Amino acid sequence: MNIMLRIQRQDRKGRMKIRYTLLTFLLASTGSLLTAYGVNAYGEQGGYDYSQPISHEQSSGKFFIKGDFLYWKPHVSGLELNFGTSSVITTTVDEIEIFDMEELDLDPHFKWDAGYRVGAGYQFGCSNWEISALWTHFQSKGTRSVNEDTETVNSGQFRIKFDQIDLMLGYNTSLTCDLTLKPFIGVRGATMRESLHAVLVTDITIPPDGLATETRNFDDQERINGIGPLLGVEGKWKMGDGFGFYGSAAVGLMYEKHKVEFDDTDLFTAPYSLSLSSFNERRVHDFNWNVDLAVGVSWETCICNGFDLEMKLGVEHHQYFNHSHLGTDHGDLSFSGGVFSISLAL
């Protein structure tokens, strides 16, 4: 009996070893399958989780490209004297001539126009750093026409062509599981071309029955080249199912070179005729601030084994202070409107 009991105990120990061996094998196989199908420790299946910082185990970086469709409306200030109407009435009181001038100043009226922005970059796999480059192109035309009567027409046209390149270095960080921030620094370079063509007629009334007319023709141009530092931050708040909110803010300071050309003509009619022409060229160097703001909704998903697709729909505002030198005052230039963006990471 003692021999039989020892044999049974040895058989039980052997069976327990076999069971532990089989269980270890099954767990190892299950872990390999889950890893092969992309299931993480939380039971979620999918690609890379952008809400978490990049770990050192993820050694492969990612290239990304993006394209933005812009639908903006520009605004330029400081051109009020070039668009509008004016009249001068002279009267004599006690042998003293009094000049009464009435003036209606107007800004050019811009319509909505389309533009584009394209970019590319690389997100390093062993850190949270990324580099990117963006090129923005936009051009538009503003007009203003005022009819005083059937013979007098005051009209003007303002054209702008805008190109900008941003080179940026950013750092991705997570504040919570759903909120990420990316502060960035960079260099901004821009080229802007502006042209102004306007006709402004002024009626001069001289009592008792005298009437003179001054017709001013403006044919002015300005070219601006600027470069300077850029500092900003981007944020994203995930809502679930790939949807989220995004926002960004940036401020820049550009050293600008302005080449301004004025080619104007003044024509006076009855009771005397006189024509005055002037051409003036200026070169101005100054520092001016610029601000970018953006907010909107986003949606992202993983497609085709590692390709990450993200789409955004939002609104933007870009302000360039003391920008235009074509008017009597240094006017601001701004672009406001919508943006639809598509980016692909691989």
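A brief structural summary. (Residues numbered from 1 in each chain as written. Predicted model: local features only at pLDDT ≥ 70, side-chain atom pairs only at ≥ 80, totals over all residues. Heavy atoms only, no water.)

## Some details on empty space enclosed by the protein
Operational definition: Both cavities and pockets are sets of points on a 1 Å grid over the protein atoms alone; in a cavity a 1.4 Å probe fits but cannot get out, in a pocket the set is open with protein on both sides within 12 Å along at least five of seven lines, and lining residues sit with an atom within 4 Å of a point. Grid points are joined across faces, edges and corners, and a volume is the space filled by probe spheres set on the points. Segments assigned H or I by DSSP are reported as helices when at least four residues long, segments assigned E as strands when at least two residues long, and all are numbered from the N terminus.
Taken as a whole and assessed by the stated rule, the structure comprises 1 cavity of 30 Å³ or more. A volume near 30 Å³ is recorded for the largest cavity. Lining the largest cavity are Lys 236, Lys 238, Gly 242, Phe 243, Gly 244, Ser 298 and Glu 300. Counting only elements with at least two residues in the lining of the largest cavity, the list comes to β10 (210-240), β11 (243-268) and β12 (274-303).

## Considering the pattern of salt bridges
Convention followed: What makes a salt bridge here is a side-chain nitrogen of Lys or Arg within 4 Å of a carboxyl oxygen of Asp or Glu, nothing more. Here's how the labels work: a residue is buried when its accessible area is under 20% of the maximum for its type, exposed when over 50%, partly exposed in between, all with a 1.4 Å probe on protein chains only.
Applying the stated criterion across every chain, the model contains 12 salt bridges. In this structure, the salt-bridge partner of Asp 68 is Lys 66, at a minimum N-O distance of 3.5 Å. For Asp 68, a relative accessible area of 5% puts it in the buried group. A salt bridge links Lys 238 to Glu 300; the nearest nitrogen and oxygen atoms lie 3.5 Å apart. Of the two residues, Lys 238 sits in strand β10 while Glu 300 sits in strand β12, which places them 62 residues apart along the sequence. Through salt bridges with shared partners, one network takes in Lys 66, Asp 68, Arg 117 and Glu 316.

## Comments concerning the nonpolar core
We apply this condition: What is meant by a nonpolar core is a set of buried Ala, Val, Leu, Ile, Met, Phe, Trp, Tyr and Cys residues, joined one to another through side-chain atoms within 4.5 Å. The contact criterion used throughout is that any non-hydrogen atoms of two residues lie within 4.5 Å.
Ranked by internal contacts, the top residues of the largest apolar core, which has 25 residues, are Phe 158, Met 192, Tyr 320, Leu 333 and Phe 335. Every element with two or more residues in this core is listed here: β1 (62-76), β7 (153-171), β9 (179-206), β10, β11 and β14 (331-345). Examining the composition of this core, we find that 5 residues originate from one element, β9, more than from any other. Ignoring anything within four residues of it in the chain, the contact list for Phe 335 reads Trp 72, Lys 73, Pro 74, Phe 138, Ile 160, Phe 162, Glu 316, His 317, His 318 and Tyr 320.

## Details of the side chain of His 318
What counts here: Any pair of N or O atoms that falls within 3.5 Å is considered a polar contact. Within protein, one atom must be able to donate a hydrogen and the other to accept it, and sequence-neighbouring residues count only if both atoms are side-chain atoms.
The residue His 318 is located in strand β13 (residues 307-324) in this model. At a separation of 2.8 Å, a polar atom in the side chain of His 318 contacts the side chain of Asp 292. Polar contacts involving the side chain of His 318 include one to the side chain of Glu 316, which spans 2.9 Å.

## Here we look at the environment of Gly 306
Relative to the elements of secondary structure, Gly 306 occurs in the loop between β12 and β13. As a C-alpha pair, Gly 306 and Leu 346 span 40 residues in sequence and 6.3 Å in three-dimensional space. Not counting the four nearest positions on each side in its chain, Gly 306 is found in contact with Lys 62, Ala 345 and Leu 346.

## So, the pairing of β1
Just so we agree on the cut-off: A pair of strands is considered paired only if DSSP assigns at least 2 bridges between the two.
Pairing analysis gives 11 bridges linking β1 to strand β5 (residues 113-123), with the strands arranged antiparallel. Paired with Gly 67 across the two strands is Val 118, which belongs to β5.

## Things to note about the packing of aromatic side chains
Heads up, the condition is: Note on aromatic contacts: the rings of Phe and Tyr and the six-membered ring of Trp form a pair at centre separations within 6.5 Å, being stacked when their planes are under 30 degrees apart, edge-to-face when over 60 apart, and tilted otherwise.
On inspection of all chains with the given rule, the structure shows 15 aromatic pairs. For the ring pair Tyr 122 and Phe 124, a centre distance of 5.0 Å and an interplane angle of 85° mean the geometry is edge-to-face. On the basis of relative accessible area, Tyr 122 is assigned to the partly exposed category, the value being 23%. A centroid spacing of 6.4 Å and a plane angle of 80° characterise the contact between Tyr 320 and Phe 335, whose relative ring orientation is edge-to-face. Taken together, the residues Tyr 320 in strand β13 and Phe 335 in strand β14 connect sequence positions 15 residues apart. You'll find Tyr 320 and Phe 335 in the same group, each marked buried. Three or more aromatic residues link up through ring pairs in this structure, and these residues are Trp 72, Phe 138, Phe 162, Tyr 320 and Phe 335.

## Brief notes about the environment of Phe 279
Its location among the elements puts Phe 279 in strand β12. Along the backbone, Phe 279 and Asp 220 are 59 residues apart, and their C-alpha atoms lie at a distance of 9.4 Å. When sequence neighbours within four positions are dropped, the list of residues in contact with Phe 279 reads Phe 262 and Asp 263.

## Remarks on the environment of Phe 218
Mapped onto the fold, Phe 218 is located in strand β10. Residues Phe 218 and Asp 264, spaced 46 residues apart in sequence, show a C-alpha to C-alpha distance of 4.8 Å.

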